[in-house]
Amino acid sequence: MSDLKELLTYIAKNLVDNPDEVNITEREEETETVFELRVNASDMGKVIGRQGRIAKEIRALMRSVAARQGKRISVDIVD
């Protein structure tokens, strides 16, 4: 598992009430790696936050860490 995926897993598991149901899939696209984050339906609000603030911060943090490694990533939160 990549260190970026491990970081995203760590962040998500610490935000939700059901950490065992955090699932992240990784897929390569032409210019970037896309991480799809799935959590229990009852935890969606905790991961997204009011007006999407937490989701924005997760994406910003992950992009910043990836940029330091010379990579491009995006994080999709799917239900």
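Everything numeric in this text was worked out from a predicted model, so none of it was measured.

Spatial strand order, β1-β2-β3: 3 strands in an open sheet with mixed pairing. Of all the strands in the sheet, the pair left with one neighbour each is β1 (23–28) and β3 (73–78). Put simply, the sheet's adjacent strands are angled 20° from each other on average, direction ignored. Note that strand β2 (residues 33–38) and β3 share 6 bridges and pair parallel. Following the sheet pairing, Glu36 is matched in β3 by Asp76.

Mapped onto the elements, Glu36 comes out in strand β2. In contact with Glu36, other than residues within four places in its own chain, are Asn23, Ile24, Thr25, Arg27, Asp76 and Val78.

This part takes up the confidence of the model for the chain. Residues of the chain with pLDDT of at least 70 account for 99%, and the chain-wide mean is 95. Ranking the helices and strands of the chain by mean pLDDT puts helix α3 (residues 53–68) first, with 97, and β3 last, with 95.

In this section: helix α1 (residues 3–15). The end-to-end C-alpha separation of α1 is 19 Å, in line with the 18 Å expected for 13 residues at 1.5 Å each. Every buried residue of α1 is accounted for by Leu4, Lys5, Leu8, Thr9, Ile11 and Ala12. Buried residues of α1, seen end-on, are gathered within an arc of 165° and therefore sit on one face of the element. Of the exposed residues in α1, those oriented more than 90 degrees away from the buried face are Tyr10 and Asn14. Where α1 is buried, its residues touch β1, β2, α3 and β3.

Cut-offs applied
Residues numbered from 1 in each chain as written. Predicted model: local features only at pLDDT ≥ 70, side-chain atom pairs only at ≥ 80, totals over all residues. Heavy atoms only, no water. Pairing = 2+ DSSP bridges. Helix = DSSP H or I, 4+ residues; strand = E, 2+ residues; numbered from the N terminus. Axes fitted to C-alpha atoms, helices over the stretch in contact; angles between N-to-C directions. Contact = heavy atoms within 4.5 Å. pLDDT = per-residue confidence, 0-100. Expected span 1.5 Å × (residues − 1). Buried < 20%, exposed > 50% of the residue type's maximum accessible area, 1.4 Å probe, protein only. Arc of directions from axis to C-beta.

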